[in-house]
Amino acid sequence: MSLRTPMHLAVALATATVLLPTAPAAARPAAPPPAGGAVTSFLVGAHAPSDARTARAADPARLTDDLAAVGRDTGARLTVTRILATGDLLVRADRPLPAGTTRAVLDRLRQRADVAWARPEARVRPAVTEAPNDTRWSDQWDLHDPLGGVYAEPAWATGADGSGITVAVLDTGVTAHQDLAANLVPGYDFVSDPADARDGDGRDPDATDQGDWEEPGDCGDTFQPSSWHGTHVAGTIAARRGDGAGVAGLAPGARIQPVRVLGRCGGTTADMVDAIVWASGGAVPGVPANPTPARVLNLSLGASVSCDPATQAAVDQAVARGVTVVVSAGNSGADAAHYSPAGCAGVVTVAASTITGEPAPYSNHGAAVEITAPGGDRSRGVLSTVNTGRTVAEGDGWAEYTGTSMAAPHVAAAAALLLDRRPDLTPAELTALLRGTARPTAYPQECGCGSGVLDVDLALRAATGHPGDTTRLVLSAGARPGEPLIDERGVHLAGTLSRLGAGLPDWDPAGLRMRRVDPPTGPYRLVLTVPAGTELEYKYTLGDWEHVEQAYTDSDAGCFDIDNRRLTVAGAGTVQTVRDRTVGFRGVWPCDR
Ligand SMILES: [Ca+2]
Ligand SMILES: [Ca+2]
């Protein structure tokens, strides 16, 4: 796949020598990444398409001369660097401009007779324009849904895919699967009881899932088909992306190390403890050393007991070796502290959320939870790789499963993406990044779902120190089914305001006004009061209809309304996502003042 990246722009600049009136491309230093919220480039309308008779084409050289005076007070150099195919001009500064200079540049440009309009340039978001060609991609709401998803596409657009990072999946093993085979490294079978392992022996180097079906009387009264649980978890982390088939994993460049600890009727704590040590690079008596120790472990499993000292010691060892241990919170709707390994110290305990970004009703919760990620519910599960066999393996399949088991691998994959860009991150640093960029859920106090829902895109930007031109405010609002989202007084915003980057004005969450308008199931209205002169990019979704727009306030602070499919920009806006009963926002402020 070819996602648009900043590299395309850099290439274009380097080759556009004839369009650099004041500085040859070779002598022009590469533009630094924009600091949070600062402006480094402008788009200038060189003619008015609606009234071409009265407009004259702007002269790049004269524009540059004019802008030189504006930039002088800050020492910035402004250059017309490209003429777009539309005839409009791209003006770039050689450094991020402070707010006052940005304003002065825009004022100067707009005073010119040969300029129809001028705006700070905003980044086009590849998340909206391109998608992987995996045939089931549209069903992977967990990766791309604006309310419930983890924002995989903009994260991938940074170039991160988990390459070079091994994630151990301590689970039922994996089966052969076309969507996984390329990303597997050898693991180990730690199931020591041959009857549960079903492969005729105890521990051995073959982590192939033999099926965990249960006959009546095995450990329950009824037949249970094989789950292929480990294959599902592995696919969420690193199924092949862009192969025209099946699903895409969140970290499709990562390697999966299958470590088998679950068989018929589950597994034992003793086997899990050894597997944690081995997968993270420690020595286990009687087992050859792991040639490819993992940086991340995923344990989508648990028992309803508090963390025992052996499990805690194994986790401590892994963490001491720089390995991040991600575990599912459990599916009992109870306090995760009373489950193991969810309640262990030093692990990243993951609760589950739904397609609407709300806490999943079955999910364990509480102070032991670090973060929440998509796990689905009865309406929509998480789609990933499975086998079609009811007992032993048969063929490749894909299926939606629901649970915190499905949530944890999103976080494990996110960790792999972060380590791809920042191999130096410690487990504690990594956890702090994931938590610090999660978007708050509705009713965060009651939720007990940690810092909120995973946002891989924001985490990567924070990890790489490149909030770039997308310094963002992330706002979250929502309502439980059946509850009014916003009361008629116009203010009912759950969640908190989080902020990345510097240089932004203070935003007051109380400045958000949201009101439901008629008909009751129909459009919502959002009124956002923003400072004058705010440029931002926003996305709104109505049903399957999605659109990205930019708005700019050049005089008074204002607001915009989204009224069904009619969008009126009276001042500035925010990201707006509209669904039946839930409204979420996700702000993208490419520049600010
Ligand atoms: Ca075995
Ligand atoms: Ca695929």
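Refer to the structure above for everything that follows.
Below or above, wherever it landed, is the structure these notes cover. Going along each chain's sequence as written, the residues are numbered from 1 onward. Chain letters start at A and ligand numbers start at 1, both assigned in the order the entries are written. pLDDT decides what is reported in this predicted model: residues at 70 or higher carry local features, side-chain atom pairs at 80 or more are listed and counted, and totals for whole chains, interfaces and linings draw on all residues regardless. Side-chain descriptors were evaluated using all non-hydrogen atoms of the structure, hydrogens and water having been removed beforehand.

### Thoughts on the overall build of the protein chain
Strands are runs of DSSP state E lasting at least 2 residues, helices are runs of H or I lasting at least 4, and numbering of each runs from the N terminus. Helix and strand counts for the protein chain come out as 14 helices and 24 strands. Buried means the residue's accessible area, taken with a 1.4 Å probe over protein chains only, is under 20% of the maximum for its type, while exposed means over 50%, and partly exposed covers the values in between. By residue count, 55% of the 593 residues in the protein chain fall in the buried class. Any two residues having at least one pair of non-hydrogen atoms within 4.5 Å are treated as being in contact. Taking all contacts inside the protein chain whose residues are at least 6 apart in sequence as the whole, residues at least 24 apart take part in 68%. Computed with a 1.4 Å probe, the accessible areas rest on the Shrake-Rupley method; for each residue, only the protein chains presented here act as cover. Counting only carbon and sulfur atoms, one obtains 53% of the accessible surface of the protein chain, whose full area is about 22,600 Å².

### Considering the coordination of the calcium ion (ligand 1)
Only N, O and S atoms count as donors, using a 2.8 Å cut-off from the metal and 3.2 Å for Na, K and Ca, and because water is excluded some sites may appear unfinished. Surrounding the calcium ion (ligand 1) are the protein donor atoms Asp 189 (OD), Asp 199 (OD), Asp 199 (OD), Asp 201 (OD), Gly 202 (O) and Asp 204 (OD), which sit 2.1 to 2.7 Å from the metal. Geometry assignment treats four donors as tetrahedral when all angles are between 85 and 135 degrees, treats four as square planar and six as octahedral when opposite donors are over 155 degrees apart and all others between 65 and 115, and treats everything else as irregular. Coordination at the calcium ion (ligand 1) is irregular: its six donor atoms span angles of 52 to 169° at the metal. Mapped onto the sequence, the donors of the calcium ion (ligand 1) take the spacing D-x9-D-x1-D-G-x1-D. Linking Asp 189 in strand β6 (residues 188–189) with Asp 199 in the loop between α7 (194–197) and α8 (229–238), this pair joins segments that are ten residues apart in sequence. Asp 199 sits in the partly exposed class, given a relative accessible area of 24%.

### Remarks on the packing of helix α9 (residues 269–279) against helix α10 (residues 309–320)
Every axis in this analysis is a line fitted to C-alpha atoms, fitted for helices over the stretch in contact. Angles between the N-to-C directions lie between 0 and 180 degrees. Relative to each other, α9 and α10 sit at 10°, their axes nearing to 8 Å. Taken together, the axes of α9 and α10 lie roughly parallel to each other. Of α10, the residues touching α9 (which contributes Thr 269, Met 272, Val 273, Ile 276 and Val 277) are Ala 310, Thr 311, Ala 314, Val 315, Gln 317 and Ala 318. Throughout, the term roughly parallel applies to angles under 35 degrees, roughly antiparallel to angles over 145, roughly perpendicular to angles from 65 to 115, and oblique to all others.

### Observations concerning the coordination of the calcium ion (ligand 2)
Distances from the calcium ion (ligand 2) to its protein donors, Asp 134 (OD), Asp 179 (OD), Asp 179 (OD), Arg 240 (O), Asp 243 (OD), Asp 243 (OD), Ala 245 (O) and Val 247 (O), fall at 2.3 to 3.2 Å. Spacing between the donor residues of the calcium ion (ligand 2) along the chain follows D-x44-D-x60-R-x2-D-x1-A-x1-V. Placement of Asp 179 in the loop between β5 (166–171) and β6 and of Val 247 in the loop between α8 and β7 (255–260) is noted, with a sequence separation of 68 residues between them. When sorted by exposure, Asp 179 lands in the same class as Val 247, which is buried.

### Describing the pattern of salt bridges
A carboxyl oxygen of Asp or Glu within 4 Å of a side-chain nitrogen of Lys or Arg is what we treat as a salt bridge. Overall, the coordinates contain eleven salt bridges when judged by the stated rule. We note a salt bridge from Asp 274 to Arg 203, for which the minimum N-O separation is 2.7 Å. Taken together, the positions of Asp 274 in helix α9 and Arg 203 in the loop between α7 and α8 put the pair 71 residues apart, joining distant regions of the chain. Its relative accessible area of 23% is what places Asp 274 among the partly exposed residues. For Arg 203, a relative accessible area of 28% puts it in the partly exposed group. The shortest N-O distance in the salt bridge between Asp 420 and Arg 421 comes to 3.2 Å. Residue classification places Asp 420 among the buried positions, given a relative accessible area of 17%. Each of Arg 136, Asp 139, Arg 380 and Glu 400 takes part in one network of salt bridges that share partners.

### Digging into the side chain of Glu 214
By secondary structure assignment, the location of Glu 214 is in the loop between α7 and α8. Residues counted as positive are Lys and Arg, residues counted as negative are Asp and Glu, and His and the chain ends are not counted. Among buried Asp, Glu, Lys and Arg side chains, Glu 214 stands out as unpaired, with Arg 198 the closest opposite charge at 7.7 Å. Beyond its immediate chain neighbours, meaning those up to four positions away, Glu 214 contacts Cys 219, Thr 222, Phe 223, Gln 224 and Cys 265.

### Details of the sheet that holds strand β11 (residues 371–374)
Paired through their backbone hydrogen bonds, the strands of a sheet run either parallel or antiparallel. In space, the seven strands of this open sheet follow the order β6-β7-β5-β8-β9-β10-β11, with parallel pairing throughout. The outermost strands of the open sheet, each flanked by one partner alone, are β6 and β11. As defined by bridge partners, β5 adjoins strand β8 (residues 296–299) across three bridges and the pair is classed as parallel. What sits directly across from Val 169, in β8, is Asn 298. Should DSSP find at least two bridges between two strands, the strands are regarded as paired.

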